[in-house]
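# Secondary and tertiary structure notes
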Amino acid sequence: MNTVDAGLLSAAGLLPDASGHFGRYGGRFVPEALIAALDELDAAHRHAMADEAFQAEFGRLLRDYAGAPSLLYDATRLSEEVGARILLKREDLNHTGAHKVRNVLGQALLTTRMGKPRIIAETGAGQHGVASATAAALFGLECVVYMGEEDTRRQALNVARMRLLGATVIPVTTGSRTLKDAINEALRDWVANVDSTHYLLGTVAGPHPYPVMVRDFARGIGVEARRQCLDLLGRLPDAVCACVGGGSNAIGIFHAFIPDESVALYGFEAGGDGVATGRHAASITGGAVGVLHGNRTYVLQDSDGQTVESHSISAGLDYPGVGPEHAWLNDTGRARYEPVDDAEAMAAFALLCRTEGIIPAIESAHALSGALRVAKELGPASTILVNLSGRGDKDVETAGAWFGVL
Amino acid sequence: MTVTVAFEKARAEGRAALVGYLPAGFPTVEGGITAVRALAESGVDLVEVGFPYSDPVMDGPVIQRAGEIALARGVRGADVIRTVEAVADLGVPVVVMTYWNLVERYTGGGPERGVGAFARDLAGAGGAGLITPDLIPDEADEWMAASDEYGLDRIFLVAPSSTDARIAMTVAACRGFVYATSVMGVTGARDVTSSAAPALVARIRAAAALPGTLPAEQPALPVGVGLGVRDGGQAAEVGSYADGVIVGSALVGCLLDAPDPEAGLAALRTLTADLAAGVRRSVR
């Protein structure tokens, strides 16, 4: 039988520390009212990590429901264009079209184990909302999704998807009415309903244990890819590239490679109109260390510490913070983080469409564009693994407008 | 006057202290100063000045709205300090309430930035301490040191969901008073006061009474109860079991809902007087 390694057990022994710190990053900066629920979640997560029954059930769901392990694809036509061997980790082929299904299945399974009947989630463009609604339907959980009012209009199709799946979508009209305000609103709901409700956070940010828990559910990407690379190449790749918004797909593919010192890790943040313009979502490259949404990390903020709005053509990367483990990987030099602006990402988007017949998510196109840059650096003998974290169906309207083909 | 003396004075009068909150910079910096002075002159024993933040996860719609207005008009750290300074001479102690990133990133215009600069400027303006809704003692090493250095009170929150062990740990870290959030939820006036609050106050007092929890120089720690109080009747009810009654959204609402600033100030004075009468008629 084809078994899927959920990647859980081997995560032990690395950071964070017992209270959720990656060096100076991470931790818990939340109202005391949430600490009991975070402690409960932390205990449930730790127990699940050590529990083979949980691992088996999660692995079964990933295989039979999500389609894992996702393919590793040797993109030969793209490689010819790029001048280095490019391997694509096809997370876009997962059920719901992105890597996010791994995290929502893991957290939904934990929710049932904690005996909670209700989940809440935040969403920007709607991808995590759709994934959460999917998992809620699968597990028979009540699901409420908070989404910025502006986004509910721009992403009406995803709102419809969530409603078809049985979720309630609540438009958020406070603050800047974007993803960060949807997170604030979800946290407010959670404080008030914490006994019955699990907050199914969509990325490796938030207060401890979210950064480590979401990582553990996503790290199967790298576990699979590492084995697939060894099978295909007989060795490890020279570099791994991923896009970074909150950073769940990036940490998911990086984590299994962190001990492999020969493998360079590259995270590509959304450069928007260019970091110099101030209109971007590159928290590490263009932000400063601060506290946002419960953890210490790099934050886009003004000189007083007020969060400033992020900008990116890719809704999934449009967030003014980044997971604390990325902040730590950056400072230690283990991973490098660079911005890719909108135009560079869209050029890579077009290249993949025409060379391989794959329409990527615009998020993933940032990783691809970064890989082109890395290929120039490492040369034609190099092999570069790229996390193709999601498919581009959701982005057809944006891309169609960008290229003037609508 | 210090926070401790303000609570002792109320206790000597056989009543709970009234604690009132208003954000700095709302509706404008000058208007906010006028409003906070009106609050201090209308019968509160302790003033809380809010430093509005872009992502106030602990706040309900009323304080969020006021904060958004203040931020849209560009309220900054130096304005908050100026607001504190402008009420500190009225004989009512003033504490600041804000989210941690604003303290960590504080710049008062001088070359230094951060927790130490904030503590120095707050103490220099005559401020008495800081309430930290999203900072738990577990993450507060830098603030513990800075508050000791500048002699500032540090008010952490406890909640109905807090374990006894966490209550004891939090009480031991507090100075001035401890802030008991009466309900599991965000700030905002409510029709009925919390049924969980009396039990929480009793748990806090039990923790504070344990030998070794409080330092010798602070033998008792007053318990303030916040979230949901909107009128004198509720203040009387909460004042019957708590050492302090904390009111925020209802006061902010006076200014937010008023047709003009004068009407807002009048409503603020009326409500504050009603609340002050409430804590004076509690049966204790």
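Nothing here was measured: the structure is a model prediction, and the numbers come from that model. (Residues numbered from 1 in each chain as written. Chains lettered and ligands numbered in written order. Predicted model: local features only at pLDDT ≥ 70, side-chain atom pairs only at ≥ 80, totals over all residues. Heavy atoms only, no water.)

### As for the pattern of salt bridges
This is how the line gets drawn: Whenever Lys or Arg places a side-chain nitrogen within 4 Å of a carboxyl oxygen from Asp or Glu, that contact is recorded as a salt bridge. Counting from the N terminus, the helices are DSSP H or I runs at least four residues long and the strands are E runs at least two residues long. Under the scheme applied here, a residue whose accessible area is under 20% of the maximum for its type counts as buried, over 50% as exposed, and between as partly exposed, the area being computed with a 1.4 Å probe on protein chains only.
Taken as a whole and judged by the stated rule, the model has 48 salt bridges over all chains. Salt-bridge contacts for B:R269 lead to B:E41; the nearest nitrogen and oxygen are separated by 3.9 Å. Here B:R269 is found in helix α12 (residues 261-280), whereas its partner B:E41 is found in helix α2 (residues 29-41), with 228 residues between them in sequence. For B:R269, a relative accessible area of 38% translates into the label partly exposed. Sharing partners across several salt bridges, the network here consists of A:R336, A:E338, A:E344, A:R373 and A:E377.

### Overview of the confidence of the model for chain B
Convention followed: How sure the predictor is of each residue is captured by pLDDT, a score from 0 to 100.
Looking at chain B as a whole, its pLDDT mean stands at 94, while 100% of the residues score no less than 70. Note on the complex model: pTM 0.96, ipTM 0.96.

### Topic: the environment of B:G116
All names here are of chain B. Counted only if it meets this: Contacts between residues were defined by any pair of non-hydrogen atoms, one from each residue, lying within 4.5 Å.
With respect to the element layout, G116 can be found in helix α6 (residues 115-124). Residue G116 is classed as partly exposed on the basis of its relative accessible area, which comes to 32%. When the C-alpha positions of G116 and R11 are compared, they lie 33 Å apart, and in sequence the two are 105 residues distant. Among all residues touching G116, those that are not within four sequence positions of it are A146 and Y150.

### What about the packing of aromatic side chains?
Which entries qualify depends on this criterion: The aromatic pairing rule takes the rings of Phe, Tyr and Trp, using the six-membered ring of Trp, and pairs them if the centres are within 6.5 Å, calling planes under 30 degrees apart stacked, those over 60 edge-to-face and the rest tilted.
Across all of its chains, the model carries 12 aromatic pairs over all chains by this definition. Taken together, the ring pairs in this structure connect A:F54, A:F58 and A:F217 into an aromatic cluster.

### What about the sheet that holds strand β6 (residues 142-148) of chain A?
Residues and elements named next belong to chain A. Applied cut-off: Only when DSSP finds a minimum of two bridges between them are two strands counted as paired. For helices, the fitted axis covers only the stretch in contact; all axes are lines through C-alpha atoms, and the angles between them, taken along N-to-C directions, range from 0 to 180 degrees.
Within the open sheet, the 4 strands sit side by side as β7-β6-β5-β8. Their pairing is parallel. Both edges of this open sheet fall to β7 (168-172) and β8 (197-199), since each of them pairs with a single strand only. Shown here is a sheet whose adjacent strand axes are inclined to one another by a mean of 25 degrees, direction ignored. Here 6 bridges tie strand β5 (residues 118-123) to β6, and the two strands are oriented parallel to one another. In the sheet register, R118 faces β6, and the bridge partner there is E142. Sitting on the sheet, helix α5 (residues 127-139) is in contact with β5 and β6, with an inclination near 165 degrees to β5.

### Details of the interface of chain B and chain A
The condition is simple: What gets called buried area is simply the loss in accessible area from a 1.4 Å probe that two parts show on being joined, summed for both. In this count, Pro and Cys sit with the nonpolar residues alongside Ala, Val, Leu, Ile, Met, Phe, Trp and Tyr, while Asp, Glu, Lys and Arg are called charged and the others, Gly among them, polar.
Each partner contributes to the interface: chain B provides 36 residues, whereas chain A provides 33 residues. Summing both sides of the interface, chain B and chain A together bury roughly 2,900 Å²; the carbon and sulfur share of this comes to 46%. When residues of chain B are sorted by the area they lose upon contact with chain A, B:V57, B:R105 and B:E139 head the list and together hold 20% of the total. Seen at the junction of chain B and chain A, the total is 4 salt bridges. Among the ionic pairs, B:R166 bridges to A:E32, the shortest N-O distance being 2.9 Å. The element contributing the most residues to the side of chain B that touches chain A is helix α5 (residues 100-104) of chain B, with 4 residues. Its residues placed into classes, the side of chain B that touches chain A shows 18 nonpolar, 8 polar and 10 charged.

### Some words on unusual backbone geometry
With an omega of 15 degrees, the peptide bond running from A:H208 to A:P209 counts as cis. Summarising the element assignment, A:P209 is placed in the loop between β8 and α9 (210-218). Cis geometry is found at the peptide bond from B:F26 to B:P27, where omega equals 0 degrees. Secondary-structure assignment places B:P27 in the loop between β1 (17-23) and α2.

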